Structure formats: C-alpha cells, structure tokens
Amino acid sequence: PGGGGCSPAGGGSVPVLFCFSVFARPSSVPHGAGYELLIQKFLSLYGDQIDMHRKFVVQLFAEEWSQYIDLPKGFLVSERCKVRLVPLQIQMTTLGNLTPSSTVFFCCDMQERFRPAIKYFGDIISVGQRLLQGARLLGIPVIVTEQYPKGLGSTVQEIDLTGAKLVLPKTKFSMVLPEVEAALAEIPGVRSVVLFGVETHVCIQQTALELIGRGLEVHIVADATSSRSMMDRMFALERLARTGIIVTTSEAILLQLVADKEHPKFKEIQNLIKASAPESGLLSKV
C-alpha cells in the first residue's frame with residue numbers, strides 16, 4: 001500500500017519528497033521500494049548531516065490525518081509521497097558499569113615537559129601511577145600516548161609503563177590513531193575506556209569525543225586529568241559530561257572494577273587507595 005498523503009504515479013520510479021531537519025529534497029525511488037531503500041536514499045541525500053550513532057524513525061505524511069505517522073509495517077512505495085527521517089529524542093541513560101574484562105585504560109601525554117605548566121601535575125602523576133598499578137593487578141590493558149616526544153619528552157619517570165599494551169608517539173591531539181584502533185580491535189569485548197592525562201580541554205576532550213563516536217563508553221578520571229588553565233579544564237569536563245561521558249574519580253574506578261570485598265585483588269587495590277595523594281583542591285575545580 002502507498003499509504004495516505006500519496007497520489008498515483010506511473011512508470012518504473014516514484015517521486016518522493018525526502019525531509020530531514022529543516023531540509024526537503026525531491027527525488028525518486030523505484031516502484032515498490034521499501035524501508036531499506038528509503039534509508040539508503042536518506043543517506044545519499046543527507047549523509048553528511050546524519051549522526052549514524054543515533055536512532056531514527058521514518059515517517060510518512062498522511063493527508064487523512066494532516067500530519068506525519070510512523071511508516072506502516074511492510075510499507076512499499078507505489079505512489080508519490082512525502083517521508084521524513086526523525087532522530088529519536090529519548091536519552092538513554094549511561095549506566096557506567098565497569099568490569100576488568102571489558103575495560104581498557106588510556107594514559108594520555110603525561111610527559112616531562114608538561115611538568116612546570118600543568119596545574120597539580122604532581123598530583124595527577126601520583127594518581128595516574130596508582131591507576132596503572134591497579135590496571136596491572138586486574139589484568140586491564142593500558143594504551144599510552146606521548147605528544148611529539150622529540151620536543152616534549154617522554155612519559156615522566158614516576159609513571160611505570162611496565163606491561164603497557166601500546167606506547168605510541170603522536171602529533172594528532174586525539175589518542176584515536178590507526179595503531180590505537182588496531183590495538184583495541186585485538187582486545188575482545190572492549191566496552192569501556194578509562195581516560196586520564198593532559199590536557200583536559202585538548203587531547204583528553206578530543207580523544208573522549210572520538211571514542212564515544214565509535215560507540216565506546218568513556219570514563220574520565222577527574223583527579224588524574226588537568227590543564228594549564230583551571231577554567232579550560234572546568235569547561236571541558238562540563239561539556240564532556242553533557243555528552244554522556246562519565247566524569248569520575250580514581251577511587252570510584254578502582255572499587256567499581258573489584259566490585260566486591262571478596263575479590264582476590266581487593267586488599268591490594270585497597271592498599272593503593274590508602275596511599276592517596278594529598279588533598280590538592282583539584283576536585284573542587286571540576
């Protein structure tokens with residue numbers, strides 16, 4: 001059936017008005033085209049504007065109701081009609097569950113040349129080292145990048161990279177490089193990334209946005225993440241939290257990963273947490 005809002009058309013193709021957002025473009029599809037062909041046509045017309053990580057519904061304009069209705073089940077285009085693609089507005093709550101088997105840690109650009117410039121750098125080094133110790137205890141893969149190490153130096157000596165899956169130099173601000181994507185592909189069942197390092201508003205922010213764009217859940221460790229400017233850091237964390245990224249703390253991450261006092265590594269993780277960095281005021285500026 002052609003549905004309401006359509007008028008007869010002959011020949012092998014049927015004119016259809018494709019609407020998306022504020023746009024409306026006339027085109028045509030083969031007679032008898034169904035849902036899949038309509039989606040393909042929307043992508044060909046509006047692919048550069050459609051966020052493929054969202055869910056959509058296709059609707060048909062029904063003249064009998066003078067409004068759009070959800071595309072009827074089994075709909076096939078047989079007459080001239082008007083359809084639109086509507087992004088679903090329902091926000092799915094991100095639960096933020098973490099398990100060692102589905103988690104990877106990203107340590108971003110904790111390098112020597114940043115030491116005098118980054119606020120609370122000593123504290124985030126201390127917390128970062130504790131996170132990496134926790135990762136080794138729990139068997140969690142660690143990916144490390146260094147921004148232009150030729151000019152900015154290697155990762156600071158206090159941070160032990162023993163057992164890291166990948167230590168990679170980069171010039172791109174985001175950590176999402178082909179080598180990193182290849183490393184992620186080698187880790188079965190990865191769902192969550194725990195991200196920390198510098199700078200919050202540049203490399204951390206760009207990495208986090210690229211990761212959620214690839215369907216991964218991102219946890220940013222606020223007490224292991226900083227910038228030169230506390231204003232830049234604060235607004236970056238606020239922006240990222242609004243996108244569904246989880247802004248959390250190292251203690252919350254480590255205890256969520258063990259989940260139970262009876263976990264065989266609980267005592268060792270507890271000892272890491274007890275060796276907390278001095279209160280620096282960093283978390284008061286989230």
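The numbers attached to residues start from 1 for each chain and follow its sequence in the written order. Only residues with pLDDT of at least 70 get local features here, since the model is predicted, and only at 80 or more are side-chain atom pairs given and counted; chain-wide, interface and lining totals rely on the full set of residues. The basis for every side-chain value is the complete set of non-hydrogen atoms in the structure, without hydrogens or water.

Moving on, we come to the overall build of the chain. In terms of helices and strands, the chain carries 8 helices and 12 strands. Within the chain, counting contacts between residues at least 6 apart in sequence, those at least 24 apart form 73% of the total. Surface exposure of the chain reaches about 14,500 Å², of which carbon and sulfur atoms provide 55%. Per the convention used, a helix needs a DSSP run of H or I reaching at least four residues, while a strand needs a run of E reaching at least two, with both numbered from the N terminus. The contact rule is simple, with two residues in contact once any of their heavy atoms fall within 4.5 Å. Here the open area of atoms and residues is found with the Shrake-Rupley method and a 1.4 Å probe, where only the protein chains shown may cover a residue.

The next point concerns the sheet that holds strand E12 (residues 246-248). Here, any two strands with at least 2 DSSP bridges between them count as paired. Read from one edge of the open sheet, 6 strands run E9-E8-E7-E10-E11-E12, paired in parallel fashion. Looking at strand neighbours, the two that pair on one side only are strand E9 (166-170) and E12, the edges of this open sheet. Sheet twist, expressed as the mean angle between neighbouring strand axes with direction ignored, is 20°. As paired elements, strand E7 (residues 103-108) and strand E8 (residues 142-147) share 4 bridges and run parallel to each other. Bridge assignment links Phe 106 to a residue of E8, and that residue is Ile 143. Only the stretch in contact is used when fitting a helix axis, every axis being a line fitted to C-alpha atoms; angles between N-to-C directions are given from 0 to 180 degrees.

Turning our attention to the packing of aromatic side chains. When two rings of Phe, Tyr or Trp (its six-membered ring) have centres within 6.5 Å they constitute a pair, described as stacked for plane angles under 30 degrees, edge-to-face for angles over 60, and tilted for the intermediate range. The final tally for this structure, using the stated rule, is 6 aromatic pairs. An angle of 55° between the planes, with centres 6.4 Å apart, marks the rings of Phe 20 and Phe 56 as tilted. Pair noted here: Phe 20 is in strand E2 (residues 13-20) and Phe 56 is in strand E4 (residues 56-62), with a separation of 36 residues, a long-range link. Classification of residues uses two cut-offs on accessible area relative to the type maximum, computed with a 1.4 Å probe and protein chains only: under 20% is buried, over 50% is exposed, and between them is partly exposed. Given a relative accessible area of 8%, Phe 20 falls into the buried group. Aromatic rings pair up to connect Phe 18, Phe 20, Phe 23, Phe 42, Tyr 46 and Phe 56 into one cluster. By definition, being over a ring means that NZ of Lys or CZ of Arg is both within 6 Å of the ring centre and within 35 degrees of the ring normal. The residue whose ring lies beneath Arg 25 is Phe 23, and the NZ or CZ to ring-centre distance is 5.7 Å.

Only buried residues count toward a nonpolar core, which is a set of Ala, Val, Leu, Ile, Met, Phe, Trp, Tyr and Cys residues joined through side-chain atoms within 4.5 Å. Counting residues in hydrophobic clusters, the biggest one holds 34 residues, and the most contacted among them are Phe 105, Phe 121, Leu 131, Phe 196 and Ile 253. By residue number, the principal contributor to this core is helix H2 (residues 121-138), which donates 8 residues. Sequence-distant contacts of Ile 253, defined by excluding residues within four places in its chain, comprise Leu 98, Phe 105, Leu 131, Val 194, His 219, Val 221 and Thr 248.

Below, the discussion takes up the pattern of salt bridges. One speaks of a salt bridge when a side-chain nitrogen belonging to Lys or Arg is within 4 Å of a carboxyl oxygen belonging to Asp or Glu. Under the definition given, this model contains 10 salt bridges. Of the charged contacts, one joins Asp 160 and Arg 136 as a salt bridge, the two residues approaching to 3.7 Å between their closest N and O atoms. Of this pair, Asp 160 sits in the loop between helix H3 (149-152) and E9 while Arg 136 sits in helix H2; the two residues are 24 residues apart in sequence, bridging distant segments of the chain. For Asp 160, a relative accessible area of 31% corresponds to the partly exposed category.

Let's shift gears to the pairing of E4. Regular strands place side chains that alternate from one sheet face to the opposite one. Across the 7 residues that make up E4, a large majority, 5, are buried. The pairing of E4 with strand E6 (residues 79-87) spans 5 bridges and is classified as antiparallel. Residue pairing across strands places Phe 56 opposite Pro 87, the latter belonging to E6. Note that E4 and strand E5 (residues 67-70) share 4 bridges and pair antiparallel. Each residue of the ladder has a partner; that of Phe 61, found in E5, is Tyr 68.

Per-residue confidence for the chain averages 89 on the pLDDT scale, and 89% of its residues sit at or above 70. pLDDT expresses how confident the predictor is about each individual residue, on a scale running from 0 to 100. Under a pLDDT of 50 for its full length, residues 1-5 has, in the predicted model, 21 contacts with residues more than four places off or in other chains.

It is worth spelling out helix H6 (residues 230-242) at this point. For an α-helix, the turn length of 3.6 residues means that residues three or four places apart are oriented alike. Given a rise of 1.5 Å per residue, 13 residues ought to cover 18 Å, and the 18 Å separating the end C-alpha atoms of H6 matches this to within 8%. Met 230, Arg 233, Ala 236, Leu 237 and Leu 240 are the residues of H6 that are buried. On an axial view of H6, the arc spanned by its buried residues comes to 130°, and they lie on one face. Away from its buried face, by an angle of more than 90 degrees, H6 presents the exposed residues Met 231 and Arg 242. In this fold, the buried residues of H6 make contact with helix H5 (200-213), strand E11 (217-226) and E12. One side-chain oxygen of the residue at the start of H6 lies 3.2 Å from the amide nitrogen of Met 231, identifying that residue as Ser 229. Gly 244 sits one or two residues past H6 and shows a positive phi near 100°. For a helix, the expected span equals 1.5 Å multiplied by the residue count minus one. The arc in question is traced by the directions running from the helix axis to the C-beta atoms. Contacts described as polar in this section are N or O atom pairs within 3.5 Å, which, within protein, must combine one atom able to donate a hydrogen with one able to accept it, while residues neighboring in sequence count only if both atoms come from side chains.

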